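Overview (structure and organization)
Listed below, chain by chain, are the residues.
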Amino acid sequence: MRSSIFIDGEWRPASDGATREIRSPADGSLIATVSEGKIDDALAAIAAARSSFDSGVFTSWGWARRSALLATVADLLERDVELIAALESGDTGKRIIESKYDVADVAATFRHFAQLASEQHDKKIDSGIPHVSSRITYDAIGVCSLIGPWNYPLLQIAWKVAPALAAGCSFILKPSELTPSTAMHLLKLLEEAGVPRGVANLVTGAGSVIGDTLTTDPRVDFVSFTGGLSTGKRIMSKAAETVKKVALELGGKNPHIIFADADLDAATDFAVTAAFLHSGQVCSAGTRLILERSIHDQVVTEIVRRAKLIRLGGPTDLTAETGPLISEGHLKKVEEYLARGVQEGAKLLVGGVRSTAPELSRGWYFPPTILDNCDTSMYCVQEESFGPIMTVEVFESEEEAIRLGNDTIYGLSGAVWSKDNAKTERVSKALRHGTVWINDYGPYKPAAEWGGFKASGNGRELGEHGLQEYLEIKHIWTNNSPSKSGWFADGI
Ligand code: TXE
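Bear in mind the structure is a predicted one, so any value in this text is a computation, not a measurement.

A count of helices and strands for the protein chain gives 15 helices and 20 strands. Against the globule reference of 23 Å for 492 residues, the protein chain gives a C-alpha radius of gyration of 24 Å, in line with a compact fold. The principal-axis extent of the C-alpha atoms belonging to the protein chain is close to 90 × 55 × 40 Å. Counting all 492 residues of the protein chain, 55% fall into the buried class. Across the protein chain, the fraction of contacts at a sequence separation of at least 24, relative to all contacts at a separation of at least 6, is 73%.

Quick look at the packing of helix α4 (residues 96–119) against helix α5 (residues 153–167) now. Their axes nearest at 9 Å, the elements α4 and α5 cross at an angle of 15°. Accordingly, the angle class assigned to the pair α4 and α5 is roughly parallel. Handedness of the crossing formed by α4 with α5: right-handed. For the pair α4 and α5, the contacting residues are Asp-102, Asp-105, Val-106, Thr-109, Phe-110, Phe-113 and Ala-117 in the first and Leu-154, Leu-155, Ala-158, Trp-159, Val-161, Ala-162, Pro-163, Leu-165 and Ala-166 in the second. Class assignment of the residues belonging to the contact of α4 with α5 gives a composition of 13 nonpolar, one polar and two charged.

With that settled, the discussion passes to the pattern of salt bridges. Here the structure, examined in full by the defined rule, presents 33 salt bridges. Residues Asp-16 and Lys-38 are paired through a salt bridge, measuring 2.7 Å at the closest nitrogen-oxygen approach. In this pair, Asp-16 is assigned in the loop between β2 (10–12) and β3 (19–23) and Lys-38 in the loop between β4 (30–35) and α1 (39–55), connecting sequence segments 22 residues apart. One salt bridge in this structure joins Asp-269 and Arg-306, with 2.8 Å as the shortest N-O distance. With Asp-269 in helix α9 (residues 264–276) and Arg-306 in helix α10 (residues 296–309), this pair connects stretches of sequence that are 37 residues apart.

Attention now goes to the site of the ligand. Close to the ligand lie 28 residues; Gly-148, Trp-150, Glu-177, Lys-333 and Glu-384 are nearest. A distance of 2.9 Å is found between an oxygen atom of the ligand and a side-chain nitrogen or oxygen belonging to Lys-174. Burial of the ligand by the protein amounts to 85% of the accessible area it has alone, namely 820 Å². Among the elements of the structure, α7 (207–216), β10 (222–226), α8 (229–239) and α11 (328–343) are those that each provide at least two residues to the shell around the ligand. Here the element with the most residues in the shell around the ligand is α7; it accounts for four residues. Its residues assigned to classes, the shell around the ligand comprises nine nonpolar, twelve polar and seven charged.

It is worth spelling out a nonpolar patch on the surface at this point. A grouping of Ile-39, Leu-43 and Val-209 is seen on the molecular surface, where their side chains present a nonpolar patch of about 200 Å² in accessible area. Within the secondary structure, Ile-39 is located in helix α1. You can call Ile-39 partly exposed: its relative accessible area is 41%.

Turning our eyes to something else, we now look at the sheet that holds strand β20 (residues 471–479). Pairing between the strands of a sheet comes from backbone hydrogen bonds, and it takes one of two forms, parallel or antiparallel. Ordered in space as β5-β6-β20, the three strands form an open sheet in which the pairing is antiparallel. Two strands close off the open sheet at either side, each with one partner strand: β5 (123–125) and β20. Between one strand axis and the next, the sheet turns by 25° as a mean value, whatever way the strands run.

Its place among the elements puts Glu-384 in the loop between α12 (379–382) and β16 (389–395). Buried charge without a salt bridge: Glu-384, with Lys-333 as the nearest opposite-charge side chain at an N-O distance of 6.0 Å. In terms of polar contacts, Glu-384 uses its side chain to reach the backbone amide nitrogen of Gly-252, at 3.0 Å. Every residue in contact with Glu-384, bar those within four places of it in the chain, is listed here: Leu-250, Gly-251, Gly-252, Lys-253, Cys-283, Lys-333 and Tyr-337.

This next bit is on the sheet that holds strand β12 (residues 255–258). Taken together, seven strands build an open sheet; the order of strands is β14-β15-β16-β13-β12-β17-β18 and the sheet is mixed. Of all strands in the sheet, those with a lone pairing partner are β14 (347–350) and β18 (435–438), marking the two edges. Adjacent strand axes in the sheet meet at a mean angle of 25° when their direction is disregarded. When strand β17 (residues 413–417) meets β18, the two strands line up parallel, connected through four bridges. Directly across from Ala-415, in β18, lies its bridge partner Trp-437. Contacts between α10 and the sheet are confined to β13 (288–292), β14, β15 (369–372) and β16, with β13 contributing the most and set at about 145° to the helix.

Here we come to the pairing of β4. With five bridges joining them, β3 and β4 adopt antiparallel strand pairing. Residue pairing in the sheet places Thr-19 in a bridge with Ser-35 of β4. The turn joining β3 and β4, which pair antiparallel and follow one another in sequence, is formed by six residues; a positive phi near 80° is taken by Gly-28.

Of note, Glu-249 is situated in strand β11 (residues 245–249). Among buried charged residues, Glu-249 stands out as having no salt bridge; its nearest opposite-charge side chain is Lys-160, 7.6 Å away. Among the polar contacts listed, one links the side chain of Glu-249 to the side chain of Trp-450, at a separation of 3.2 Å. For Glu-249, the residues in contact, after removing those within four places along its chain, are Phe-225, Thr-226, Gly-227, Cys-283, Leu-412, Trp-450, Ser-456 and Glu-461.

What follows concerns α7. Looking only at α7, the buried set comprises Ile-210, Gly-211, Thr-213, Leu-214 and Thr-215. At its buried positions, α7 is contacted by α1, β7 (143–147), β8 (170–174), β10 and α8.

This part takes up the nonpolar core. Ranked by internal contacts, the top residues of the largest apolar core, which has 116 residues, are Leu-77, Phe-110, Leu-165, Phe-171, Leu-190 and Ile-258. In terms of residue count, the dominant contributor to this core is α5 (eleven residues).

Negative phi is the rule for most residues except glycine; trans is the rule for most peptide bonds. The phi dihedral of Asp-8 falls on the positive side, at around 50°, and the residue is not glycine. Position of Asp-8 among the secondary structure elements: in the loop between β1 (5–7) and β2. The class for Asp-8 is partly exposed, based on a relative accessible area of 32%.

The subject of this paragraph is the state of the cysteines. This structure, assessed with the given rule, holds zero disulfides. A disulfide-free cysteine, Cys-374 has its sulfur positioned 4.3 Å from the sulfur of Cys-380, the nearest such atom. On the basis of relative accessible area, Cys-374 is assigned to the buried category, the value being 8%.

Reading the values: rules and limits
Residues numbered from 1 in each chain as written. Predicted model: local features only at pLDDT ≥ 70, side-chain atom pairs only at ≥ 80, totals over all residues. Heavy atoms only, no water. Helix = DSSP H or I, 4+ residues; strand = E, 2+ residues; numbered from the N terminus. Rg over C-alpha atoms; globule rule 2.2 N^0.38 Å. Buried < 20%, exposed > 50% of the residue type's maximum accessible area, 1.4 Å probe, protein only. Contact = heavy atoms within 4.5 Å. Axes fitted to C-alpha atoms, helices over the stretch in contact; angles between N-to-C directions. Parallel < 35°, antiparallel > 145°, perpendicular 65-115°, else oblique. Left-handed = near helix turned anticlockwise from the far one by under 90°. Nonpolar A, V, L, I, M, F, W, Y, C, P; charged D, E, K, R; others polar. Salt bridge = Lys/Arg side-chain N within 4 Å of Asp/Glu carboxyl O. Near = heavy atom within 4 Å. Polar contact = N/O pair within 3.5 Å; in protein donor to acceptor, adjacent residues only side chain to side chain. Areas by Shrake-Rupley, 256 points an atom, 1.4 Å probe, with all protein chains shown as cover. Patch = residues over 30% accessible without salt bridge, like charges linked within 9 Å, V, L, I, M, F, W, Y side chains within 5 Å. Pairing = 2+ DSSP bridges. Lys, Arg positive; Asp, Glu negative; His and termini not counted. Core = buried A, V, L, I, M, F, W, Y, C linked by side-chain atoms within 4.5 Å. Disulfide = S-S within 2.5 Å.

Have a look at this one:
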């Protein structure tokens, strides 16, 4: 059993001694037994974060020293890549190679925010008065609750932890209760890198138990959350009680639009990757394939052929191309979602039933699944399955492609394929999504903002804005030669 709660510089068990078993989604084996934090633990972590922030221990470091700290953390992450990848794959069931890619992205995130911190400076304002200087400063927002999901556990929390540290904030990190191992290791690296006591705190445990405490306590200034829409709505309404700022990344139902004049070889290949990478457990998964009618049969025949070839397997299966779903509960949700789609009239072309292969029987595997004859009135087109289910819709015109692409409550990402540059430019501008790929699908850069329109959330991670979320803006006006204002008569 590992004491996995880190408060005020010390590892400790849960206040009531409770623990949770972390089991591999790939085969059910016991990965770790960790502390299951409760409200008392969350309160202690908030107190430690508040007191460290109010002491000025970290803000006094200044931007340059914090930038150097982040670069050190990036070095440590790269040093420990093998260990971290093994921990991540243990919790999530994803292939080791994918976890290694994730660790590289995590290190790149820390380097990005190190760079931004090194460039940070006050902004001079022209006061219009010779003896007055006026400037804008950027202060740490304060104490942050950082709540992460289970699909890219370390990467998603890195997008929060790195800018929080760059800004000089103190935080309470709560990883998903399903995937705490890499968050625990990250906290060890932060300790090693020299983050002051009380600045970085970790509470492992169930969101349903400690989530409200982390998002309503008046000592918390900011909540950054990545997860499901219903939890995001709850956090937003709870945070309103203390007028707390919130940043939310709540997933998407992402349109992948292919015109008949696209490079169909590349587009078809990307259609398969976009939907089935990490078994669809990706907020930006291209789960809605939207095809110009004239290429429907050709593209669908090819993606069905390709979907059948995808090999499922656990972290160390070198022949595997994608892994299991995160849990039995999630697998059941995906199955119910599929059944509802078929009931609504979608045509199941491939997949749809759990594999009976003996080597997969102990894990939560679900095969790549394609539903044809779909339209935007259907639940399976509107709601996220967060599993390997692709729906196929057709369009006749550019206007219809745009209308379909925007006919969703979500707005995280989307893609458009065509060799006609003017057309892809028009469509990309018209799509109401936070990221639009043209003749590509999936890449992101730490220097580019990430986040959603509409119900996909608010605020942005990464880019420059990803740091600004953790800053308060202050105007400082300095009068170097004060004299009476003369507004009211002084009676002299
Ligand atoms: O998410 P939850 P779940 C979507 C995806 C998935 C659905 C549900 O569609 O099927 O969400 O997944 C913490 N206050 N995404 O149930 O519950 C929880 O402990 C504060 C999209 O796993 O939202 C975990 O740390 N926090 C997504 C985190 O919220 C609370 C990634 C996410 O869990 C809380 C994952 C509360 N009241 C799922 N209740 C994406 N945007 O990429 C729970 N949590």
